[in-house]
Every structure is written in structure tokens, then in C-alpha cells.
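Residue-level structure breakdown
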Amino acid sequence: MRHHLVPQMYLRRFADERGNLTMVDRDRDLPARTVSVNNACNESGYYSIPADDLEERARDGHDPELVEKLFASIESDAAVVLERIVREQVLPERGSAERFDLALLVSQQITRGWGFRARMEEHVNVLARMHMEPELTAERLGERLRRMGESSGPADVEAYRKEILEGDWRVRPGRSFMIQQGIHAAYEVALPEVLRRGWRLRVFERPVLLTSDEPVALWSPGPYVPGIGTADTYWWPIDRHHLLSMSTRRVDEVVADAPLSRARQVNQLVAQQAHRWIFHHPDDDGLGDAVLPPRERLVRETVDVTVTPTEVRELVHVVRRREPWGDERSAGGSLGALSARGASPQARNVEPPDERCGEQGAFTRG
């Protein structure tokens, strides 16, 4: 059974009257093409959990399509709220059932797609190597090499250690585990964040917004890529004219007109954070000839080193960093060095702070 990673009811808001979208490869490796809403962002069995993956006591009567049915119910409830927001130009009140229904969809959308699973797998592999590293002592590696009948001198041991830590092997978490973790992150991490934030609806006079296979974009200033709990703002285009912003700052929850410069910023950020596909209405320009920056990468950084007579202790953290690109390379990584054209949205400030609505400009200079 084909499962949609992005709800069809949502994608239809960006489609033409025939239900078609323009689909653009995030890395521009493939030409843009037309795709139907039904065929966009789907994968066979993406949310299926086979009975064999469960504990034996839970297998009797298990429905492998349970998660897909759960998401369909969430989408159905949220669709009613979205229709009301657009029709009446009003946000659901804090504490209301409508607010919860829409927040639940936003939370699931942050954690259900290809991007979330890819980032999780990347974290698993970085952490696996970090946990292995202190166990790979010269004694253990030397003994292992001797048992294999290999040379076990200091250079051989160091080469073997490097091969293990830097090799191209990967841990691949199972699909059922990924589904479980995505649901846990949605309910326990993302949902409280979405509900505590201040919401605003930004309205664009012309149909200018696009979306992607990761339609909720997370933004914060600085070189680090924000996570669910650290993002300053969530941006979610809900159709070609309307943008829902969810901010950690105290804001008046209002519906306000927005300039086209804001649409350009949001479009580039949504496209930049796409895992693979960007979608827009066939009559819209989408990103035009804008150039997206390289994908972010997960890095391990040493924060502190403590040396004692018996050991060396390192304090490290694992963070997702934006790769320097364009003029940043020659400017020592300064985000403010980029020109507006083709620059990463985190690296420029096309629109000044919106003082009328009391909202910080979405993208600031470094």
C-alpha cells in the first residue's frame, strides 16, 4: 500500500485544477517535471509495521496499517481547521480543540518524512563511532589482529583503528524503529513546542509560496542548524497565499499582510530544507534561478579537553552545521558577506523587522 509522506489534502493547496504540481529536484540533478498529487511524496509501506517486528504477545490481531490510519485521522481533523483559517482569515484560539488538531499535524509533519529518518540514521552512525572509540584500545586491536593472523605493530593497530572509525560501514535502523521514534518525537517533543509558540498568519496578495517533502521549515540565526526544540521560528506555507509562523517570542497572534520579500525568504528556506523534492503550482515561478546552498552536515566538535597524569578527557558535542558557500569561504565564514542574490536565507536580511506586527525579521545578518 502506498503511503503519503505529505498529506494529499495539503499538496492539493499548491496544485492546479487538474491536481498537478511542478516537482523540482532539491539538488537540481534532475529536470523539473509535472506530477499528480496522488503520485507525489509517497512510498510503498512507508508506515507499515509487520507483526514480526512486535513482541510476540502483541502480534495477535495487529494491523500493519495502524499508523497510516492514525495519520489519516489526524489529517482529516486538521483539514477542517485549515479550511476555516483560509476562509475566515482567523487563527484557532490557544487551548482550543482546533489548535490541538492543527498542531498535531504540524508535529507529525516535522517527524514523519524522509528527512527526519535520514537525520536519525546519521545521528545513530556518528554516535555509534563515538561510543566505539574509547573501547578500541591498542591492546584489544592488537589481539584482534593477531587472532586474524595479521601484523600487529603500532602502525598496523592505528591503521586498523582508523579503518573501523572512518570506514564506510553504516548502522541502518529498521523501519519499525524509525516509525516508533518519529511518533515519539512528534508527541513528546514537537507537539509541546508547537502548542507553546505564538502563531501568526501571514497573507500574500499574489500566489507565491511553494512547499516541499519537508514542508515545515525550522529557522534560527547562526551557523548551527536548529532542531525541534532550538528553532526560533517554524515556517509552514499552508497554501500559495498563506504562511503560518510559530515563534518562541512573545507575539500578538494576528493575521497580517506580508511583502513579497518575505515569500522569497520562506521559499528559499523551505526548498533548502527539502530532503529531495520541492513542489509548486505549475503556473508559479517557484525558486526561479535561485541557487540553494549545500546540504548541512552533522559534525562532532571538541568543546573542551582536560589532561591529567593518567588520562585525557574530551568534552564533545554533535551538531548540524551549515556548510560555508559562495563568498562565505573567502570571508572566513561570515554570513553577512553574501550578496542578496543566491544567498542562503540564514545569511542575509532582505526584509527589515516588521515593526507593525512586532515580529523580528525572519533572517538576520551574521
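One can find the structure itself at the top, above this paragraph.
Residues numbered from 1 in each chain as written. Predicted model: local features only at pLDDT ≥ 70, side-chain atom pairs only at ≥ 80, totals over all residues. Heavy atoms only, no water.

Here's the deal with the pairing of strand β9 (residues 242–247)
Successive side chains on a regular strand alternate, one facing one side of the sheet and the next facing the other. Stated precisely, the cut-off is as follows: Exposure is judged per residue with a 1.4 Å probe applied to protein chains only, and the accessible area is read against the type maximum: over 50% gives exposed, under 20% gives buried, and values in between give partly exposed. Runs of H or I in DSSP of at least four residues are treated as helices and runs of E of at least two as strands, each being numbered from the N terminus. The criterion for strand pairing is that DSSP finds at least two bridges linking the strands in question.
Taking burial as the measure, the six residues of β9 include six buried ones, the bulk of the element. Strand direction decides the pairing type here: strand β5 (residues 198–203) and β9, joined by six bridges, are antiparallel. Each bridged residue has a counterpart across the sheet, and for Arg200 the counterpart in β9 is Ser245. The turn linking strand β8 (residues 233–237) back onto β9 is made up of four residues.

Some details on the packing of helix α2 (residues 66–88) against helix α7 (residues 175–196)
We count it as follows: Angular values range over 0 to 180 degrees, each being the angle between N-to-C directions of two axes fitted as lines to C-alpha atoms, with helices fitted over their stretch in contact. In these notes the angle categories are as follows: under 35 degrees is roughly parallel, over 145 is roughly antiparallel, 65 to 115 is roughly perpendicular, and the rest is oblique. Throughout, a crossing is termed right-handed when the near helix is turned clockwise from the far one, and left-handed when it is turned anticlockwise from it by less than a right angle. Whether two residues are in contact is decided by their heavy atoms: any pair within 4.5 Å suffices. Each residue is assigned to one class: nonpolar for Ala, Val, Leu, Ile, Met, Phe, Trp, Tyr, Cys and Pro, charged for Asp, Glu, Lys and Arg, and polar for all the others, Gly among them.
α7 packs onto α2 with a crossing angle of 30° between their chain directions and a minimal axis gap of 12 Å. The pairing of α2 with α7 is recorded here as roughly parallel in orientation. For the pair α2 and α7, the crossing hand works out as left-handed. Seen from α2, the contacting residues are Val67, Leu70, Phe71 and Ile74; seen from α7, they are Ile179, Ile183 and Tyr187. Classifying every residue of the contact of α2 with α7 by side-chain character gives seven nonpolar, no polar and no charged.

Comments concerning helix α4 (residues 114–132)
Rules: To estimate the expected span of a helix, count its residues, drop one, and scale the result by 1.5 Å.
Taking 1.5 Å per residue, 19 residues should reach 27 Å; α4 reaches 27 Å between its end C-alpha atoms and fits that length. Turning to α4, its buried residues number three or more, namely Trp114, Gly115, Phe116, Arg117, Met120, Glu121, Asn125, Ala128 and Arg129. Buried positions along α4 lie against β4 (42–44), α3 (97–111), α6 (154–166), α7 and β11 (277–280).

Functional significance is not addressed by these values, which are geometric in nature.
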